[in-house]
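Spelled out from the first residue to the last, the chains are:
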Amino acid sequence: MHSIWSRHRRAIRLSIGLLASAMLLQAYATEPPPKTAPAKQQGKAKQKPMSRDQLRACMDQQDRLTAMRASVLKEQASLDQQRAEVARMDAELERKRASLDPADDAAKQALVDEEGRRNVVGEAYNARLPALKERGSTLDKERQTWVEQCANKDFDERDEFAILRERKAAAKAAGK
């Protein structure tokens, strides 16, 4: 019985010790860091905000990029459909080849004709692909130019509001 009580006391002391150390660690973790003077940044001075003309040019370029991106995505979707059509035709041709009777000349000719149609669709896809890649590359280059010239640049929000108001008035006048 004596040993059970001594083990129990040791367990209690150990628990109290762990709780005390946990409270000390918690108190240490919540102390604010020592106050030091902020390090002065060396390097670039704060840039002047963009002029209204620069902001207008950036906004116009962003609109062009948005339209260009929509066009590239539309073309990509069209090419994806065409590629799926070629894949469907390939699967159908494989199925027909597997079930082709070597003695049936009419079936062989029908298969050759269908392969010709598949080749026409595949060649049309292959002809459109380089143009899409070029348009995508152009979009990436122009977007990078926009990022370098316009992104993360300061501007006066009043200039942005004025430009949007000008655009709205121009759109209204063009609609009349």
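Here's what I pulled together on the structure shown here. Sequence order as written defines the numbering, with residues in each chain counted from 1. In view of the model being predicted, local features appear only for residues whose pLDDT reaches at least 70, and side-chain atom pairs are presented and counted only at 80 or more, with totals across whole chains, interfaces and linings using the full set of residues. Based on all heavy atoms of the structure, the side-chain values leave hydrogens and waters out of the count.

Strands here mean DSSP runs of E at least two residues long; helices mean DSSP runs of H or I at least four residues long; both are numbered from the N terminus. Across its full length, the protein chain carries four helices and zero strands. Across the 176 residues of the protein chain, 15% fall into the buried class. Here a residue-residue contact requires only that any non-hydrogen atoms of the pair lie within 4.5 Å. Summarising the internal contacts of the protein chain: among those between residues at least 6 apart in sequence, 85% fall at separations of at least 24. Of the accessible surface of the protein chain, which amounts to about 14500 Å², a share of 57% is contributed by carbon and sulfur atoms. The classification of residues rests on relative accessible area computed with a 1.4 Å probe and restricted to protein chains. Under 20% of the type maximum is buried, over 50% is exposed, and intermediate values are partly exposed. All accessible-area figures derive from a Shrake-Rupley calculation using a 1.4 Å probe, and residue coverage is judged against the displayed protein chains alone.

A few words on unusual backbone geometry. Its identity as a non-glycine residue notwithstanding, Asn152 has a phi of 60°, on the positive side. Structurally, Asn152 can be placed in the loop between α3 (105-149) and α4 (157-175).

This part takes up the pattern of salt bridges. When a carboxyl oxygen of Asp or Glu lies within 4 Å of a side-chain nitrogen of Lys or Arg, that pair is called a salt bridge. All chains considered together, the criterion is met by 14 salt bridges. With a closest N to O distance of 2.9 Å, Arg56 and Asp53 form a salt bridge. Of this pair, Arg56 and Asp53 both sit in helix α2 (residues 52-98), three residues apart, which is roughly one turn of the helix. Owing to a relative accessible area of 57%, Asp53 belongs among the exposed residues under this scheme. Note that Asp60 is salt-bridged to Arg167, the shortest N-O span being 2.7 Å. Of this pair, Asp60 sits in helix α2 while Arg167 sits in helix α4, and the two are 107 residues apart along the sequence. Looking at Arg167, the relative accessible area reads 27%, which means it is partly exposed. Via salt bridges that share partners, Asp53, Arg56 and Glu166 belong to a single interconnected network.

Let's shift gears to the side chain of Glu114. Here Glu114 is to be found in helix α3. What Glu114 contacts, discounting residues up to four positions off in sequence, is Glu92, Leu93 and Lys96.

Note on terminology: a nonpolar core comprises buried Ala, Val, Leu, Ile, Met, Phe, Trp, Tyr and Cys residues joined through side-chain atoms within 4.5 Å. Counting 14 residues, the largest nonpolar core has Leu55, Cys58 and Trp146 as its most contacted members. Of all the secondary-structure elements, those providing two or more residues to this core are α2 and α3. Top contributing element to this core by residue count: α2, with six residues. Leave out the neighbours within four places in its chain, and Leu55 touches Met50, Phe155, Asp156, Asp159, Glu160 and Ile163.

Let's shift gears to α3. Between the first and last residue of a helix there are one fewer steps than residues, each counted as 1.5 Å, and that sum is the expected span. Here α3 is 45 residues long and its end C-alpha atoms lie 66 Å apart, about the 66 Å a rise of 1.5 Å per residue gives. In this structure, the buried side of α3 is in contact with α2. With a side-chain oxygen positioned 3.3 Å from the backbone nitrogen of Ala106, the residue opening α3 is Asp104. For the purposes of these results, a polar contact is taken to be a pair of N or O atoms within 3.5 Å, where, inside protein, one atom must be able to donate a hydrogen and its partner to accept one; residues adjacent in sequence count only when each atom of the pair is a side-chain atom.

In contact at an axis separation of 8 Å, α2 and α3 are set at 160° when each is read in the N-to-C sense. Relative to α3, the element α2 lies roughly antiparallel. Crossing hand, α2 versus α3: left-handed. Considering only residue class, the contact of α2 with α3 consists of 16 nonpolar, ten polar and 16 charged. Every angle, taken between N-to-C directions, lies between 0 and 180 degrees, and every axis is a line fitted to C-alpha atoms, over only the stretch in contact when it is a helix. An angle counts as roughly parallel when it lies under 35 degrees, as roughly antiparallel when it exceeds 145, as roughly perpendicular when it falls between 65 and 115, and as oblique in every other case. Whether a crossing is left-handed or right-handed is set by the direction in which the near helix is turned from the far one by less than a right angle, anticlockwise for left-handed and clockwise for right-handed. Each residue receives one of three labels: charged for Asp, Glu, Lys and Arg, nonpolar for Ala, Val, Leu, Ile, Met, Phe, Trp, Tyr, Cys and Pro, and polar for the others, Gly being one of them.

Next up on the list: the side chain of Gln61. Structurally, Gln61 can be placed in helix α2. Judged by relative accessible area, Gln61 falls into the buried class, the value being 11%. Once residues within four sequence positions are removed from consideration, Gln61 is found in contact with Glu142, Thr145, Trp146, Gln149 and Cys150.

Attention now moves to the environment of Tyr125. In this fold, Tyr125 is placed in helix α3. Taking the C-alpha atoms as reference, Tyr125 lies 8.7 Å from Val86; in sequence the two are 39 residues apart. Excluding its chain neighbours within four sequence positions, the residues that come into contact with Tyr125 are Leu79, Gln82 and Arg83.

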